[in-house]
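Reading the structure
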Amino acid sequence: MENENSFLLMVTGQIESAEFPEIDDIYCKHCFVYGSDWMVTEGIEEGISQISKKSEDETGQFTFNFPLDISFKSTNPFGWPQLVVSMYGIDFFGNDIVRGYGSVHVPISAGR
């Protein structure tokens with residue numbers, strides 16, 4: 001029997017691009033963190049993108065077009081899901097180095 005007091009949250013979008021002026025190659029890792037009342041009903045909680053090279057135009061952007069698609073179910077808004085993004089580059093010795101990171105609560109309405 002399904003709980004009638006639950007609600008669903010669907011997240012669909014993408015990590016489009018990034019700007020790191022002094023770096024040539026980066027890749028992106030993402031994960032969702034959420035409270036104990038939340039459950040993933042469909043989709044992938046974490047992922048890793050391809051290595052992207054800086055564009056040769058004046059913007060110098062890294063393009064990922066990295067899809068995000070996940071659905072949650074909860075009975076309580078406490079612990080609202082957050083998206084955590086980490087950007088990694090490779091140093092001279094081939095080691096992964098964090099180049100940037102951030103997190104944001106999943107928005108309650110569509111936007112950019």
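Residues numbered from 1 in each chain as written. Predicted model: local features only at pLDDT ≥ 70, side-chain atom pairs only at ≥ 80, totals over all residues. Heavy atoms only, no water.

Looking at an unreviewed UniProt entry, one finds the chain named B9 domain-containing protein 1, with Argiope bruennichi as its source organism.

Re the packing of aromatic side chains
Aromatic ring pairs are defined here through the distance separating the ring centres and the angle between the ring planes. Inspection of the entire model under this criterion finds eight aromatic pairs. Aromatic side chains Y34 and F72 sit 5.3 Å apart centroid to centroid with 65 degrees between the ring planes, which places their arrangement in the edge-to-face category. Taken together, the positions of Y34 in the loop between β2 (25-33) and β3 (38-43) and F72 in strand β6 (residues 61-74) put the pair 38 residues apart, joining distant regions of the chain. Looking at Y34, the relative accessible area reads 28%, which means it is partly exposed. Pairwise contacts between aromatic rings join F7, F32, Y34, W38, F72 and W80 into one cluster. One cation-aromatic arrangement involves K29 over Y88; the distance from NZ or CZ to the ring centre is 4.8 Å. (Phe/Tyr/Trp six-rings, centres within 6.5 Å; stacked < 30°, edge-to-face > 60°. Helix = DSSP H or I, 4+ residues; strand = E, 2+ residues; numbered from the N terminus. Buried < 20%, exposed > 50% of the residue type's maximum accessible area, 1.4 Å probe, protein only. Lys NZ or Arg CZ within 6 Å of the ring centre and 35° of its normal.)

Re unusual backbone geometry
One non-glycine residue, N65, lies in the positive phi region at around 45 degrees. Here N65 lies in strand β6. Its relative accessible area of 45% is what places N65 among the partly exposed residues.

Remarks on the nonpolar core
I26, F64 and M87 are the most contacted members of the largest nonpolar core, which has 20 residues in total. Only β1 (7-19), β2, β6 and β7 (82-90) provide two or more residues apiece to this core. The element best represented in this core is β6, accounting for six residues. Beyond its immediate stretch of four places on either side in the chain, F64 contacts I15, E16, S17, A18, I26, Y27, C28, S49, Q50, S52 and M87. (Core = buried A, V, L, I, M, F, W, Y, C linked by side-chain atoms within 4.5 Å. Contact = heavy atoms within 4.5 Å.)

Examining the pairing of β6
Examined bridge by bridge, β1 and β6 share 12 bridges and lie antiparallel to one another. Of the residues in β6, the one forming a bridge with I15 is F66. Inspection of the sheet shows β3 paired to β6 by five bridges, in the antiparallel sense. When the bridges of β6 are listed, W38 appears paired with S74. (Pairing = 2+ DSSP bridges.)

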